[in-house]
Amino acid sequence: MSWRSWKKNLMIKYFVIRKLSSSQYLHVQEVDGPVNIRKLDDTIFEGNYDNGVPHGYFRHLNDFGDLEFFGCFFRGTLVGLCWKSLPGGGFLISRSWDFSDSNMIYLYPDCRTGLVGSFQGCELKAAQPCEVMSCARTVADSVPVPLMSRPSGDIYTFDPASPAVFCRAPSLPDPYESLFVEVKPSQIKDAGEGLFAKINIDVGTVISFYNGVRVRSGHDWEKPTPYKMVLDETSDIDLPENMTSLENYRATLGHKVCHCFEPNCETDVFFHPRFGLIRCIATIDNIKAGEEILINYGYNLSYAPTWYKVAWAKHQKVVRGLPDWKTALFMNNIQLGSRRESWLSDYNA
């Protein structure tokens, strides 16, 4: 689902909470008492109404099982805070049911690192980094309330990439990503720079972000690059060549991760408060401090660059016990195309 349609559906569903009338969820003209709606797409909407207004706990899960809304109302008024999960594992926590708040909390997936500041309808306006110091509870000890440190440091604003302006603050690092990874020379021959773990990291942890300009899936934009990555069913994201260097861009570091056919990480969709819907890098194994972060690029061999085809063939040589990597190419009718002989000699077994 695209961010535009996801946001539209989100507002429709909150409209249900406020106005109590939507054929998408409610099939009666008057609502009173408990409501428990479970649709065929596994969407769940639960709550309670008293005299036509929300009264009690409300929970809404989307078709992915993500928490779209959790909060408690007293005769139509939100009590305490409400929560919303975002694609990739982040959370918005607000005093307003529509998540428009001048002192709202965004929590990264570690539920420790956060941003506190102004949001309008889930969109970041201006916020500063902070950390969770403790946690209290409200509404009969049922709704958690993070107690944050005083926000300080750089101010972050909503800054989605576009062909005209890729990033307004390209040297401003992400406070969460900076905890987990750093860029150093890759341990893979001729790979240039790579991404490395700064600390021991558990499996299933989001550790880095992959920002890019959104382009239509299957269509090249004006200057396509080798950094293009699938975003969702309809869109790809691409990083301009002039933004691949850390001297020009370090707001996200996911583009520095190198390829391996036996990776320790994978990519997933992530809604970032600063960049919108992008990709993230998440661990699929436990990773030790100093270990290189690796993903499988998953190129189609018919269109893959030569270096990838050679790397695939050498991997096949090992896993299939072939006499040499060129046999793997021959068996799969894969052509490398023209190249310098000196470059090819680097890959001889």
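Residues numbered from 1 in each chain as written. Predicted model: local features only at pLDDT ≥ 70, side-chain atom pairs only at ≥ 80, totals over all residues. Heavy atoms only, no water.

A.B. asks: What exactly am I supposed to notice about the overall build of the protein chain here?
C.D. replies: Check the secondary structure of the protein chain and you find five helices and 21 strands. Counting all 349 residues of the protein chain, 46% fall into the buried class. A separation threshold of at least 6 residues defines the contact pool for the protein chain, and within that pool the share at least 24 residues apart is 45%. As presented, the protein chain carries roughly 17700 Å² of accessible surface, and 50% of it is formed by carbon and sulfur atoms. (Helix = DSSP H or I, 4+ residues; strand = E, 2+ residues; numbered from the N terminus. Buried < 20%, exposed > 50% of the residue type's maximum accessible area, 1.4 Å probe, protein only. Contact = heavy atoms within 4.5 Å. Areas by Shrake-Rupley, 256 points an atom, 1.4 Å probe, with all protein chains shown as cover.)

A.B. asks: Explain the pattern of salt bridges here, please?
C.D. replies: Between side chains of opposite charge, a pair can form when the charged atoms approach closely. Under the criterion given, the structure shown has ten salt bridges. Between E46 and R38 there is a salt bridge; the shortest N-O distance is 3.1 Å. When its relative accessible area of 17% is taken as the criterion, E46 is described as buried. Between R95 and D101 there is a salt bridge; the shortest N-O distance is 2.7 Å. You can call D101 buried: its relative accessible area is 6%. (Salt bridge = Lys/Arg side-chain N within 4 Å of Asp/Glu carboxyl O.)

A.B. asks: Explain the packing of aromatic side chains to me, please; I cannot follow it from the model alone.
C.D. replies: Aromatic rings considered in pairs are described by the distance between their centres and by the relative angle of their planes. Applying the stated criterion to the full structure yields 14 aromatic pairs. Ring plane angle 80° and centroid distance 6.5 Å describe the contact between F69 and F99, whose orientation is recorded as edge-to-face. Here F69, found in strand β5 (residues 67-74), pairs with F99, found in the loop between β7 (91-94) and β8 (101-107); they are 30 residues apart in sequence, far enough to count as distant. In this structure an aromatic cluster arises from ring pairing among F45, Y49, F58, F69, F73 and F99. The ring of F74 is capped by R75, whose NZ or CZ atom sits 5.6 Å from the centre of that ring. In this structure, K184 is placed above the aromatic ring of F196, and the distance from its NZ or CZ to the ring centre is 4.9 Å. (Phe/Tyr/Trp six-rings, centres within 6.5 Å; stacked < 30°, edge-to-face > 60°. Lys NZ or Arg CZ within 6 Å of the ring centre and 35° of its normal.)

A.B. asks: Just checking my understanding: could you explain the environment of P263 for this structure?
C.D. replies: On the secondary structure map, P263 appears in the loop between β18 (258-259) and β19 (265-272). As a C-alpha pair, P263 and I284 span 21 residues in sequence and 8.1 Å in three-dimensional space. When near neighbours in sequence (up to four residues on either side) are disregarded, P263 contacts I284, D285, L294, I295 and N296.

A.B. asks: I keep staring at the sheet that holds β19 and nothing clicks. Help me out?
C.D. replies: Strands in a sheet are paired, the pairing made by backbone hydrogen bonds, and the direction either parallel or antiparallel. Taken together, three strands build an open sheet; the order of strands is β14-β20-β19 and the sheet is antiparallel. The open sheet has two edge strands with one neighbour each: β14 (206-210) and β19. Shown here is a sheet whose adjacent strand axes are inclined to one another by a mean of 35°, direction ignored. Pairing geometry for β19 and strand β20 (residues 276-283), over eight bridges, is antiparallel. Its bridge partner being in β20, F270 is matched across the sheet by I278. (Pairing = 2+ DSSP bridges. Axes fitted to C-alpha atoms, helices over the stretch in contact; angles between N-to-C directions.)

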